[in-house]
Amino acid sequence: MLSVQKVGIDAGGTLIKLVYEENGVFHYKTYHISQLESAMEWLKLMAPSAKVALTGGKAVFLSKQFFNDAVQVPEFDAACNGARYFLDMDGNKPDVCLLVNIGTGTSWFYLQGEKQERILGSGIGGGTFMGLGELLTNEKDYTHLVQLAQKGNKAKVDLTVKDIYMGEDTPVDGNLTASNFAKGKKDEQSNEDLMAAVTNMVAETIVLLTLQAAAIHQTNEVVYMGSTFSGNIPLKNVLESYKGMLGLNTRFLKHGEFSGAMGALLAI
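For the structure given in this document, a descriptive report is provided here.

Definitions and limits used
- Residues numbered from 1 in each chain as written.
- Predicted model: local features only at pLDDT ≥ 70, side-chain atom pairs only at ≥ 80, totals over all residues.
- Heavy atoms only, no water.
- Helix = DSSP H or I, 4+ residues; strand = E, 2+ residues; numbered from the N terminus.
- Phe/Tyr/Trp six-rings, centres within 6.5 Å; stacked < 30°, edge-to-face > 60°.
- Buried < 20%, exposed > 50% of the residue type's maximum accessible area, 1.4 Å probe, protein only.
- Pairing = 2+ DSSP bridges.
- Contact = heavy atoms within 4.5 Å.
- Axes fitted to C-alpha atoms, helices over the stretch in contact; angles between N-to-C directions.
- Parallel < 35°, antiparallel > 145°, perpendicular 65-115°, else oblique.
- Left-handed = near helix turned anticlockwise from the far one by under 90°.
- Nonpolar A, V, L, I, M, F, W, Y, C, P; charged D, E, K, R; others polar.

**Regarding the environment of alanine 155**
Turning to step 1, where the next piece is worked out: If you trace the backbone, alanine 155 turns up in the loop between helix H5 (142–151) and strand E9 (159–160).
Turning to step 2, where the next piece is worked out: The sequence separation of alanine 155 and phenylalanine 181 amounts to 26 residues, and the corresponding C-alpha distance is 9.2 Å.

Following this line, the structure appears as structure tokens:
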């Protein structure tokens, strides 16, 4: 049995994230939504007296089914408060920044001191990566899809600027995407190439929306977080490739995928 006093649970559309404190140390766990009941039963068995705080889309369901006395924290408040905590732990929290939370979809927050505002949302995110990945490759496993993307060549699927200019000088970097998936279906395309193109489309869409939000709110400080970054080096690489080009000061928040769960725990 665990000597756990507090537990924060972020119950999202795809994943269940837990943060619990034991003897002054935080522990982090992730479960797929299909493991929800077994994970909650394990928690109730191992930490029966712990205080529980819930956030996320399935928080009400969890409260009714497992934790009647749990504290419920609004999803966006939990994500921002948890992110602030992790930024404080890093010791380099900006006074003003954009917080980009890439989960099943993507949310943008404007943080100024202790104030926060959700300024934008998009259906493009980790759910897009998983859904299109399965449609295009018949693969369902997240880790395998990431591995495919890491080995692929998006230029076999996407139309690039240099494709259009056919060897002539280009006004911008010729490797930039002119149109996602514009080359259609070709025999030489592999599943790896398709997943590289999916990753590129998700990342570029997020970058462009981030750039517009940064311009409107007059900040170049961007903090990326969310469960979609878990083990997803290809996504990070594409986002980072735009860092210098667009003049954004970007970073990836350590433990950022647990910001919602941590924000819930902090509310107890």
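**A look at the packing of aromatic side chains**
Turning to step 1, where the next piece is worked out: The final tally for this structure, using the stated rule, is ten aromatic pairs.
Turning to step 2, where the next piece is worked out: Their ring planes at 50 degrees and their centres at 6.3 Å tell us that tyrosine 28 and phenylalanine 86 sit as a pair that is tilted. Pair noted here: tyrosine 28 is in strand E3 (residues 25–32) and phenylalanine 86 is in helix H3 (residues 75–90), with a separation of 58 residues, a long-range link.
Turning to step 3, where the next piece is worked out: Where tyrosine 85 meets phenylalanine 86, the ring centres are 5.9 Å apart and the plane angle is 75 degrees; that geometry is what we call edge-to-face.
Turning to step 4, where the next piece is worked out: We classify tyrosine 85 as partly exposed; its relative accessible area is 22%.

**Things to note about the pairing of strand E7 (residues 106–112)**
Turning to step 1, where the next piece is worked out: Taken across its seven residues, E7 has six buried, putting it largely inside the fold.
Turning to step 2, where the next piece is worked out: Strand direction decides the pairing type here: strand E6 (residues 96–102) and E7, joined by seven bridges, are antiparallel. By the bridge assignment for E7, cysteine 97 is matched with leucine 111.
Turning to step 3, where the next piece is worked out: If you look at the hairpin formed by E6 and E7, you'll find three residues sitting between the two strands.
Turning to step 4, where the next piece is worked out: The pairing of E7 with strand E8 (residues 115–122) spans seven bridges and is classified as antiparallel. Across the sheet, residue tryptophan 108 finds its bridge partner in E8, namely leucine 120.
Turning to step 5, where the next piece is worked out: Hairpin connection, E7 to E8: the antiparallel pair is bridged by two residues, and glycine 113 has positive phi, about 60 degrees.

**What about the sheet that holds strand E1 (residues 4–11)?**
Turning to step 1, where the next piece is worked out: Taken together, five strands build an open sheet; the order of strands is E3-E2-E1-E4-E5 and the sheet is mixed. The open sheet has two free edges, formed respectively by E3 and strand E5 (71–72), since each of these has just one partner strand.
Turning to step 2, where the next piece is worked out: Inspection of the sheet shows E1 paired to strand E4 (residues 51–55) by five bridges, in the parallel sense. Its bridge partner being in E4, isoleucine 9 is matched across the sheet by leucine 54.
Turning to step 3, where the next piece is worked out: Set on the sheet, helix H10 (residues 259–266) makes contact with E1, strand E2 (15–22), E3 and E4; between it and E1 the angle comes to about 135 degrees.

**Remarks on the packing of helix H4 (residues 126–137) against helix H7 (residues 191–216)**
Turning to step 1, where the next piece is worked out: Contact pair H4 / H7: the axes reach a minimum separation of 10 Å and the direction vectors enclose 155 degrees. Judged on the interaxial angle alone, H7 and H4 are roughly antiparallel. Crossing hand, H4 versus H7: right-handed. Facing H4, whose interface residues are Thr128, Phe129, Leu132, Gly133, Leu136 and Thr137, H7 presents Asn191, Leu194, Met195, Val198, Thr199, Met201 and Val202.

**With respect to the packing of H3 against H10**
Turning to step 1, where the next piece is worked out: Here H3 crosses H10 at 95 degrees, and the two axes come no closer than 6 Å. Taken as axis vectors, H3 and H10 run roughly perpendicular relative to one another. Judged by residue contacts, Ala78, Ala79, Asn81, Gly82, Ala83, Tyr85 and Phe86 of H3 engage Ser259, Gly260, Met262, Gly263, Ala264 and Leu266 from H10.
Turning to step 2, where the next piece is worked out: Here the contact of H3 with H10 is built from residues that sort into eight nonpolar, five polar and no charged.

**Points about the sheet that holds E8**
Turning to step 1, where the next piece is worked out: With mixed pairing, the five strands of this open sheet are ordered in space as E8-E7-E6-E11-E12. Lying at the two open borders of the sheet, with one neighbouring strand each, are E8 and strand E12 (249–252). Recorded for the sheet is a direction-independent mean angle of 20 degrees between the axes of neighbouring strands.
Turning to step 2, where the next piece is worked out: With four bridges joining them, strand E11 (residues 221–225) and E12 adopt parallel strand pairing. Bridge pairing links glutamate 221 to asparagine 249 in E12.

Purely spatial values, then, with no claim about function.
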